[in-house]
Amino acid sequence: MVRILAVMVIILSCLTAFAGEVKLGALFSETGPASYLGHPEKLTAEMLVAEINAAGGINGDKVVLVSYDTQGDEQRTINYFKRLATKDKVFAVIGPTTTGSSLAVKDLAEKFNTPLISCAASATIVTPVNKYVFKTPQSDIHAAETIFKYMKSKGMKKAAIITAQNGFGVTGRDALIEGAKVQGIEIVSDEKFGDKDKDMTSQLSKIKSASPDAVICWGVGPAPAIVAKNAKDLGINNLFMSHGVASMKFVELAGTSADGLKLPAGRLIVADRLADSDPFKPVLMQYKKDYEGKFNMPVSAFGGHAYDAFSLFKLAYEKSGADKDKFLAALAGTKNFKGTAGEFNMTETDHNGLTSDAFIMVEIRDGKFEIAQ
Amino acid sequence: MQFLYSGLTGGSIYALVALGYNIIYNTTGLINFAQGEFVMLGGMLIYTLFAVFGMPFIIAFPLAVVTALIVGLLFERVFINLVRVKSDINLITVTIAASILLRDFAMHIWGRDTVTVGEFMPVKSIELPGGVISNQSIMVIAVGACIAFILHLFLKRSKYGRAMRACFDDMTAAGICGINAVMVRVMSFGVAAAVGAAAGVLISPITFVTYDDGLMIGLKGFAAAILGGLGSFWGAVAGGILLGLLESFAATIMPSGYKDAIAFVVILLILFVKPAGLFGKRMAKRV
Amino acid sequence: MRKINPFPALIAAFILAAVGLTVENEYYLGVAVIIMIHALNATGLNILLGYTGIISIGQAAFFGIGAYISGVLSATYGWNALLTFPVAFMGAFIIAYIIGWPVLRLHGHYLAMATLGFGMIIYILMNEMDFITGGPSGLMGIGDIEFFGLYFGLDQAYFVLMSVYFVFVLFMLELFDKSFLHYKLKFIKSSESASNSYGLDTVQTKLLVFAFVAGFTAVNGSLYAFFVHFISPVSFSLKYSIELVAMATVGGLGYITGGVIGAVILGLVPELFASAEDYEMLIYGGLLAVCVMFVPGGIAGTLSRLRKKDA
């Protein structure tokens, strides 16, 4: 016990903060089922922090990144968030990666007076709005809307949904059911699968017997890749995925069965296919070039979310300095910021600031993302 | 009908895992909580040999199985052999500890991410009455059946197999007859690991491989072994297939999340109602 | 009857007071609270495993049942926190009694697997019954403990509350250790048939002990829920059951301080090795294996042997 106390004292004494720096916490799921989201996020955040420090910091303050791996686990996220807020005493936190983790720390952000810019998709993170909580990815509501609109344009009316039993899947399912009502799409079958499930044939064959025009799968990690495989075996066509799989890692996992899949995604993964007149192209190409040049792997939408989160932090901190209330006001007042996910226009009541324009439908062809026709 | 085909695929794997439990149980009266980890190990080894080193499958498969066999032998030497007081609690705990270690070593070697093995052959779906089955699944079922049959011959006919059965019947008597009981125990761990790894290799292209896969598949394999009657060879096979079918059928009639609970409900029900399993012989209580 | 040895409880009280007075950082107080909860759970398991010989690899389920009963009653129905404790205790007690009735007739591996299966079923139910439990994304909005005008929402206050309860439990355990019940249980552990022939109702005794420990573990679950204010099934998975087995075994089976020692050592692992978190489970598994293979009786057992040698 004495040793423990000694260790505690030593750690405490190391915690003296230096002037002229701002500590930024980061919680990403670098490993675990959501690692292909969290890993690029972490890399992006590190890259941007190094860049900004090389350029002299924000308003002269060097940025110190304190990062923990949540493994996509809610309980860990809570512990690390508390550690960031009370032990590391960070100014703000970017992340967590997944919806479940973000919801788990939503209340803590206010309790510990630590602003949070989440990189997770669900709209429930910012509705009801919390003064301290923001998020950068496009909302699942917008993703659902984009899919349904695309379906209607192809004359499809009946959809079946198969959603993951995790935070992302559960809120995504709500968004799909709501969105279907608004868009006049009939949901003929509603199935679920577990994050770690290995075989979804039973659910998919049930779906098949309901003969939908399209099947929408909502999940992250390896499980959707298995859904794609099983669906292909069963001969199910017109499979849609969520924006949760907009990564080359998913394409790798699913292999040939990814061919022909369609999903809503931000413009980033098809940046080089965009018309030159596209207002987002310069931002996207710049980030793509930096990231791919540095890490030698293809960009994914998720790294982009961290890019946006860090950029929002930077923009607001430039205006506010070390005053938290001013920082929050500046963050909520962000206007016309062109990030990788789209154009952010935050208000007091909208802490995401994106619209469904931020999404386009993409298709996986020959192991590459293409703009869907 | 579709559930029948997917159930058979999963069931063949459970059957192989259940056989692994049986081999060890029959020679030592032990239940090896780390049995599932060998399934994961098989998947990881085939990933390394086949996907990373690009060996032809026909070489990579036996190589992966043999490697797992060696790990199984070492496993017995290190963990089971060194336990001083061989009480039930200690043996259970040590296999649990070993499973944690195996899982963690796998995580350090292969990382936390899911890896893909690729396909052993071009995937095709075959239309059958009432559903489809992929040629991958057919391979799992066919090779699984072959392995079970070879194992059956091994246990029935070979010298080692007879020695193993003799040890289960009466360890002391077997010793008197000149059977090296320690050797038999070590062999049984090796063979069990090899069978588990073979299951892992077979299933890997369908389910991918993650370092923590072993736990669930191990538990389900145990459920299958209990269902068929612990210690009974064909009971394990029948139990495995039955459990696969039950799971896959359950997913069609109830929310699929409850699917995983089937195996555990089976464990509890069988233990309460008929501890000898559906096809097992009644066993006497050892005092 | 041996003399009561109040030292473990006193030492714990002293250390806790020292920690409370010197450590100002909320974070470490939080760590201390969590370790105390682990210690109580591990001690409960120790009574089953070390004293009675009941191998339970499903203790996380009872911990979770307590946490969810308190969590749901507080978050969904707005109950006063204090009222949820007896409900949690009784709920787990009854469930354990029902499940124990058939399960405790089993022995060895079968018993281990049956409790493990039970734990998995409860874990799956927590995930699937999302209309009650909030499902895999967890349950939020759990209130604070408040009574007699005292408010335990802050980590410091909670630390004090937890410490008082912890020392109290340690003292009760010491009484148990020196009681007749202790010997009765160890007799059952060493030979069930012999105890039966002496006229002990072994099944009934085991059942009551099992159910009581389940209730106790559930109360710890409630304490946990009111401390973290957010619970999700992940915290109550098989992994936690196994961690408890590791804590009890490393600390020392059959020694009243065993659970506490094991929980403190293994509970500090993730804190001391936060950067080397990848090795957390490796340390768990390694310590567990080494203790089972080479150190029968765990740390507490070794210490008491050393003391006897000196004397």
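Residues numbered from 1 in each chain as written. Chains lettered and ligands numbered in written order. Predicted model: local features only at pLDDT ≥ 70, side-chain atom pairs only at ≥ 80, totals over all residues. Heavy atoms only, no water.

As for the side chain of Thr340(A)
Residues and elements named next belong to chain A. Quick reminder of the rule: A run of H or I in DSSP counts as a helix once it spans at least four residues, and a run of E counts as a strand once it spans at least two, with each numbered from the N terminus. Using a 1.4 Å probe on the protein chains alone, a residue whose accessible area is under 20% of its type maximum counts as buried, one over 50% counts as exposed, and one in between counts as partly exposed. Note on definitions: a residue-residue contact is assigned when non-hydrogen atoms from the two residues lie within 4.5 Å.
On the secondary structure map, Thr340 appears in the loop between β11 (337–338) and β12 (343–344). You can call Thr340 buried: its relative accessible area is 4%. Aside from chain neighbours lying at most four places away, what touches Thr340 is Arg267, Leu268, Leu284, Tyr287, Gly304, His305, Tyr307 and Asp308.

With respect to the environment of Val188(A)
Residue and element names in this part refer to chain A. Following the sequence through the fold, Val188 ends up in strand β7 (residues 186–193). We classify Val188 as partly exposed; its relative accessible area is 26%. A sequence separation of 31 residues divides Val188 from Lys157, and the C-alpha atoms of the two residues are 9.9 Å apart. Residues in contact with Val188, not counting those within four places in the same chain, are Lys158, Ala159, Ala160, Ala210 and Pro212.

Some thoughts on the domain arrangement of chain A
All names here are of chain A. Rule in force here: Residue ranges for the domains originate in an automatic or database domain assignment. When two parts are put together, the accessible area they lose, computed with a 1.4 Å probe and summed over both, is reported as buried area. Salt bridges are defined as contacts in which a side-chain nitrogen from Lys or Arg sits within 4 Å of a carboxyl oxygen from Asp or Glu. Polar contact is the term for a pair of N or O atoms within 3.5 Å; when the atoms are in protein, one must be able to donate a hydrogen and the other to accept it, and sequence-neighboring residues count only if both atoms are side-chain atoms. Three categories are distinguished: nonpolar for Ala, Val, Leu, Ile, Met, Phe, Trp, Tyr, Cys and Pro, charged for Asp, Glu, Lys and Arg, and polar for the others, with Gly belonging to the last.
Domains assigned within chain A are domain 1 (2–138 + 285–355) and domain 2 (140–265). Spacing between the C-alpha centres of domain 1 and domain 2 amounts to 29 Å. Each partner contributes residues to the interface: domain 1 has 16 residues there, and domain 2 has 17 residues. In this assembly, domain 1 packs against domain 2 so that about 1,400 Å² is buried in total across both faces, 68% of it on carbon and sulfur atoms. Per-residue buried area on domain 1 facing domain 2 is highest for Pro33, Tyr36 and Gln138; these three make up 39% of the total on that side. Seen at the junction of domain 1 and domain 2, the total is zero salt bridges. Applying the counting rule to domain 1 against domain 2 returns two residue pairs in polar contact (both at pLDDT 80 or more). Residues of the side of domain 1 that touches domain 2, tallied by class, amount to nine nonpolar, seven polar and no charged.

Some remarks on the interface of chain B and chain A
Taken together, the contact between chain B and chain A spans 26 residues of the former and 26 residues of the latter. Both sides together, the interface formed by chain B and chain A hides about 2,100 Å², and carbon and sulfur atoms give 45% of it. By the criterion of area lost to chain A, the three top residues of chain B are Arg112(B), Phe208(B) and Ser256(B), representing 24% of everything that side buries. Joining chain B to chain A, the criterion identifies three salt bridges. Where chain B meets chain A, there are eight residue pairs in polar contact (both at pLDDT 80 or more). Counting residues per element, the ones that place at least two in the side of chain B that touches chain A are α1 (2–28), β2 (131–134), α8 (181–207), α10 (233–253) and α11 (259–273) of chain B. Considering every element that reaches the side of chain B that touches chain A, the biggest residue donor is α10(B), with four residues. Split by residue class, the side of chain B that touches chain A holds eight nonpolar, 11 polar and seven charged.

Side note on the environment of Ala246(C)
Residues and elements named next belong to chain C. As for its position among the elements, Ala246 is in helix α11 (residues 238–251). Separated by 41 residues in the primary sequence, Ala246 and Leu287 have C-alpha atoms spaced 8.1 Å apart. Contacts of Ala246, omitting those with residues within four sequence positions, involve Leu266, Tyr284 and Leu288.

Some words on a positive patch on the surface
All names here are of chain B. As a reminder of what qualifies: Excluding any residue in a salt bridge, patches collect residues exceeding 30% relative accessible area, merging like charges within 9 Å and nonpolar Val, Leu, Ile, Met, Phe, Trp and Tyr side chains within 5 Å. Residue exposure ignores everything except the shown protein chains as possible cover, and the areas themselves are Shrake-Rupley values with a 1.4 Å probe. The charge count includes Lys and Arg as positive and Asp and Glu as negative, but it does not include His or the ends of the chains. Charge placement uses NZ in Lys and CZ in Arg. For Asp and Glu, CG and CD serve respectively.
On the surface, Lys156, Arg157, Arg162 and Arg165 cluster together to form a positively charged patch. Within the residue set of the positive patch, elements represented by two or more residues are α5 (135–157) and α6 (159–169). Structurally, Arg157 is set in helix α5. On the basis of relative accessible area, Arg157 is assigned to the exposed category, the value being 59%.

Brief notes about the interface of chain B and chain C
Contact residues are listed per partner, giving 44 residues for chain B and 40 residues for chain C. Contact between chain B and chain C buries roughly 3,800 Å² in total, counting both sides, with carbon and sulfur atoms accounting for 81%. The tally of links from chain B across to chain C stands at zero salt bridges. Applying the counting criterion to the chain B and chain C interface returns one residue pair in polar contact (both at pLDDT 80 or more). Among the elements that make up the side of chain B that touches chain C, the one with the highest residue count is helix α4 (residues 88–110) of chain B (14 residues). Here the residues of the side of chain B that touches chain C are counted per class, giving 34 nonpolar, five polar and five charged.

Quick notes on the pairing of strand β13 (residues 360–365) of chain A
Residues and elements named next belong to chain A. Using the following cut-off: Note on pairing: two strands pair once DSSP finds at least 2 bridges between them.
Burial within β13 is extensive, with five of its six residues counted as buried. Pairing geometry for strand β10 (residues 262–265) and β13, over four bridges, is antiparallel. When the bridges of β13 are listed, Leu263 appears paired with Val362. The pairing of β13 with strand β14 (residues 368–371) spans four bridges and is classified as antiparallel. Residue Val362 lies in a different strand from β14, and its bridge partner there is Ile371.

Considerations on helix α10 (residues 281–295) of chain A
Residue and element names in this part refer to chain A. We apply this condition: For a helix, the expected span equals 1.5 Å multiplied by the number of residues minus one. As used here, the arc belongs to the directions running from the helix axis to the C-beta atoms.
Compared with the 21 Å implied by 1.5 Å per residue over 15 residues, the 21 Å span of α10 between its first and last C-alpha is a close match. Within α10, the full set of buried residues consists of Lys281, Val283, Leu284, Tyr287, Lys288 and Tyr291. Projection of α10 onto a plane perpendicular to its axis shows the buried side chains occupying an angular sector of 160°, all on one side. The exposed residues of α10 that point more than 90 degrees off its buried face are Pro282, Lys289 and Gly293. Of the surrounding elements, those touching the buried residues of α10 are α2 (35–54), α11 (301–320) and β11. One or two positions beyond α10, positive phi appears at Asn296, with a value near 55°.

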